[in-house]
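# Remarks on the overall topology
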Amino acid sequence: MSGTAHLVVERVGATLLLTLNRPQARNALSLPMLVGLHDGWAEADEDDTIRSVVLTGAGGAFCSGMDLKALAGRGTADDTCRDRLKADPDLHWKAMLRHHRPRKPVIAAVEGPCVAGGTEILQGTDIRVAGESATFGLFEVRRGLFPVGGSTVRLTRQIPRTHALEMLLTGRPYTAHEAERIGLVGRVVPDGTALESALATAELVNANGPLAVEAVKACAYETAGLDEPDALAVELERGMRIFDTADAKEGARAFAEKRPPVFRRA
């Protein structure tokens, strides 16, 4: 277990578990938390023994958005965190997955409030599981603000435009079942079981060929804005490279021999 006081970093098998850890503030994003998230994504990218990431929050909350006082320097951030932000002014956007896409699959396990910046960072994740009492929403317009974490761009690409604009323009809260209905989350589970469900999903991902998983994720995002012929050309190029790997041959061999495959990222 590692991380900052505001972010707990753990390994659960081949999964990196990142837990937002300011329950007294409903896990509002502080500068130490953002630095920890930035470093967590980097660790997942650089460590080939990590095959997936699960992002969750402590104390029955996912994330209530930005802690504006803390980010303005009136909170608990130390000089090291401020120096990190000065050295990389883009650090907070990378932490929120606005300017960075991890190459490993990221699964969100949501309990309680996931609003404002919480809903924005959620849009940077790949698979989303929510407890029945989870709530979502982009409240910025209610305060005369703008959701600059990427929502005016991403939300209309992830859910139907009419639902995206209703969420963006009304600033109203959404229940977990509403979020599932419009496609913001993939699955709703009983309260208190979102993390268990997310880790079980991560185990399914981890059992697969890591090169194939990473290539499939990259291709899905890379082709999202392309015309179908161009997208299919990208898919064919990426896919054929995977067919040429030793892992692909091991997968076929293991199937024929009726045993679990042993993938070696080769």
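Please read all numbers here as calculations on a predicted model, not as lab measurements.

Conventions and cut-offs
- Residues numbered from 1 in each chain as written.
- Predicted model: local features only at pLDDT ≥ 70, side-chain atom pairs only at ≥ 80, totals over all residues.
- Heavy atoms only, no water.
- Helix = DSSP H or I, 4+ residues; strand = E, 2+ residues; numbered from the N terminus.
- Rg over C-alpha atoms; globule rule 2.2 N^0.38 Å.
- Buried < 20%, exposed > 50% of the residue type's maximum accessible area, 1.4 Å probe, protein only.
- Contact = heavy atoms within 4.5 Å.
- Lys, Arg positive; Asp, Glu negative; His and termini not counted.
- Charge placed at Lys NZ, Arg CZ, Asp CG, Glu CD.
- Pairing = 2+ DSSP bridges.
- Patch = residues over 30% accessible without salt bridge, like charges linked within 9 Å, V, L, I, M, F, W, Y side chains within 5 Å.
- Areas by Shrake-Rupley, 256 points an atom, 1.4 Å probe, with all protein chains shown as cover.
- Salt bridge = Lys/Arg side-chain N within 4 Å of Asp/Glu carboxyl O.
- Core = buried A, V, L, I, M, F, W, Y, C linked by side-chain atoms within 4.5 Å.

### Section: the overall build of the protein
Counting secondary structure elements, the protein contains 12 helices and 10 strands. What you see for the protein is a C-alpha radius of gyration of 19 Å, in line with the 18 Å of a compact globule of 266 residues. In terms of its C-alpha atoms, the protein occupies a principal-axis envelope of roughly 60 × 40 × 40 Å. When the 266 residues of the protein are sorted by exposure, 48% land in the buried category. Relative to all contacts within the protein whose residues are 6 or more apart in sequence, the contacts with residues 24 or more apart total 66%. Side chains of the protein give 32 positive and 35 negative charges; the mean places of these two sets differ by 2 Å.

### With respect to the sheet that holds strand E8 (residues 135-137)
Across the sheet, three strands lie side by side as E6-E8-E9; this open sheet has mixed pairing. Across the chains shown, the open sheet's two edge strands, defined by having one partner strand only, are strand E6 (113-115) and strand E9 (174-175). Here E8 runs beside E9; their pairing, made up of two bridges, is antiparallel. Bridging across to E9, Thr-135 finds its partner in Thr-175.

### Some remarks on a nonpolar patch on the surface
On the surface, Leu-236, Met-240 and Phe-243 cluster together into a nonpolar patch covering about 350 Å² of accessible area. Mapped onto the elements of the fold, Phe-243 is located in helix H11 (residues 228-243). For Phe-243, a relative accessible area of 60% gives the class exposed.

### Looking at the nonpolar core
Within the largest apolar cluster, 42 residues are counted, with the highest numbers of intra-cluster contacts made by Leu-18, Leu-37, Val-110, Phe-136 and Leu-184. With five residues, helix H1 (residues 31-46) is the largest single contributor of residues to this core. Not counting chain neighbours up to four residues away, the residues in contact with Val-110 comprise Phe-62, Leu-122, Val-129, Ala-130, Gly-131, Ala-134, Phe-136 and Ala-194. Counting 10 residues, the second largest nonpolar core, distinct from the first, contains Val-54, Ala-109, Ala-194 and Ala-202.

### Considering the pairing of strand E4 (residues 52-57)
For E4, the buried fraction is high: six of the six residues fall into the buried class. Side chains of E4 alternate between two faces, with Ser-52, Val-54 and Thr-56 and Val-53, Leu-55 and Gly-57 buried alike. Bridge count between strand E3 (residues 15-20) and E4: six bridges; the pairing is parallel. By the bridge assignment, Thr-19 is partnered in E4 with Thr-56. Two strands pair when backbone bridges link them, and E4 and strand E5 (residues 106-110) are joined in this way by four bridges, in the parallel orientation. Opposite Thr-56, over in E5, you have Ala-109 as the bridge partner.

### Thoughts on the pairing of strand E7 (residues 127-131)
For E7, the tally of buried residues reaches four of five residues, placing the bulk of the element in the interior. The pairing of E5 with E7 spans four bridges and is classified as parallel. Each bridged residue has a counterpart across the sheet, and for Ala-108 the counterpart in E7 is Arg-128. As defined by bridge partners, E7 adjoins strand E10 (residues 187-189) across three bridges and the pair is classed as parallel. Within the sheet, the bridge partner assigned to Ala-130 lies in E10 and is Val-188.

### Concerning the environment of Arg-187
Examined against the element boundaries, Arg-187 turns out to sit in strand E10. Relative accessible area serves as the criterion here: at 31%, Arg-187 is assigned to the partly exposed category. In this structure the C-alpha to C-alpha distance between Arg-187 and His-92, which are 95 residues apart in sequence, comes to 28 Å. Sequence-distant contacts of Arg-187, defined by excluding residues within four places in its chain, comprise Arg-128, Val-129, Ala-130, Glu-180, Ser-197 and Thr-201.

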